[in-house]
Amino acid sequence: MKNRLKAYRQKQQLTQQQMADVLEVSRQTVISIESGKYDPSLPLAFRIARYFGARIEDIFIPS
């Protein structure tokens, strides 16, 4: 699944580690999501969207 997580994260001037801390996941998880190697669970996707005040559909784009 494609996503815009990196763009949202960079807009907030967050490092991958800071994003990982906010989401309570590892930095490697953030890297994997951003690169499209890992699709987050639905609860994690909701946490990401909620953090940015966006809809899931705005961040995650179905392939």
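Up top is the structure.
Residues numbered from 1 in each chain as written. Predicted model: local features only at pLDDT ≥ 70, side-chain atom pairs only at ≥ 80, totals over all residues. Heavy atoms only, no water.

Participant: Help me out: how do you make sense of the overall build of the chain in this one?
Facilitator: A count of helical and extended segments in the chain gives 5 helices and 2 strands. Computed over the C-alpha atoms, the radius of gyration of the chain is 10 Å, within 12% of the 11 Å expected from 2.2 N^0.38 for a compact globule of 63 residues. Taken along the three principal axes of its C-alpha coordinates, the chain extends 25 × 25 × 20 Å. In the chain, which comprises 63 residues, the share counted as buried stands at 35%. Of the roughly 4200 Å² of accessible surface on the chain, 49% is carried by carbon and sulfur atoms. Positive and negative charge centroids in the chain, built from 10 and 6 side chains respectively, lie 5 Å apart. (Helix = DSSP H or I, 4+ residues; strand = E, 2+ residues; numbered from the N terminus. Rg over C-alpha atoms; globule rule 2.2 N^0.38 Å. Buried < 20%, exposed > 50% of the residue type's maximum accessible area, 1.4 Å probe, protein only. Areas by Shrake-Rupley, 256 points an atom, 1.4 Å probe, with all protein chains shown as cover. Lys, Arg positive; Asp, Glu negative; His and termini not counted. Charge placed at Lys NZ, Arg CZ, Asp CG, Glu CD.)

Participant: Even after reading the chapter, I still don't get the side chain of N3, so can you show me in this structure?
Facilitator: Checked against the element boundaries, N3 lands in strand β1 (residues 2-3). Look at N3 and you get buried, because its relative accessible area is 18%. At 3.0 Å, the side chain of N3 forms a polar contact with the backbone nitrogen of L5. A distance of 2.6 Å separates a polar side-chain atom of N3 from the backbone oxygen of I33. If sequence neighbours within four positions are ignored, N3 has contacts with I33, E34, G36, I59, F60 and I61. (Polar contact = N/O pair within 3.5 Å; in protein donor to acceptor, adjacent residues only side chain to side chain. Contact = heavy atoms within 4.5 Å.)

Participant: What should I look at first to understand helix α4 (residues 42-52) in this one?
Facilitator: Every α-helix winds through 3.6 residues per turn, so residues three or four apart in the chain are directed the same way. Among the residues making up α4, those that are buried are L44, A45, I48, A49 and F52. One side of α4 carries all its buried residues, which in axial view fall inside an arc of 135 degrees. Every exposed residue of α4 that faces more than 90 degrees away from the buried side is listed here: L42, P43 and R50. Positive phi shows up at G53, right after α4, with a value of about 65 degrees. (Arc of directions from axis to C-beta.)

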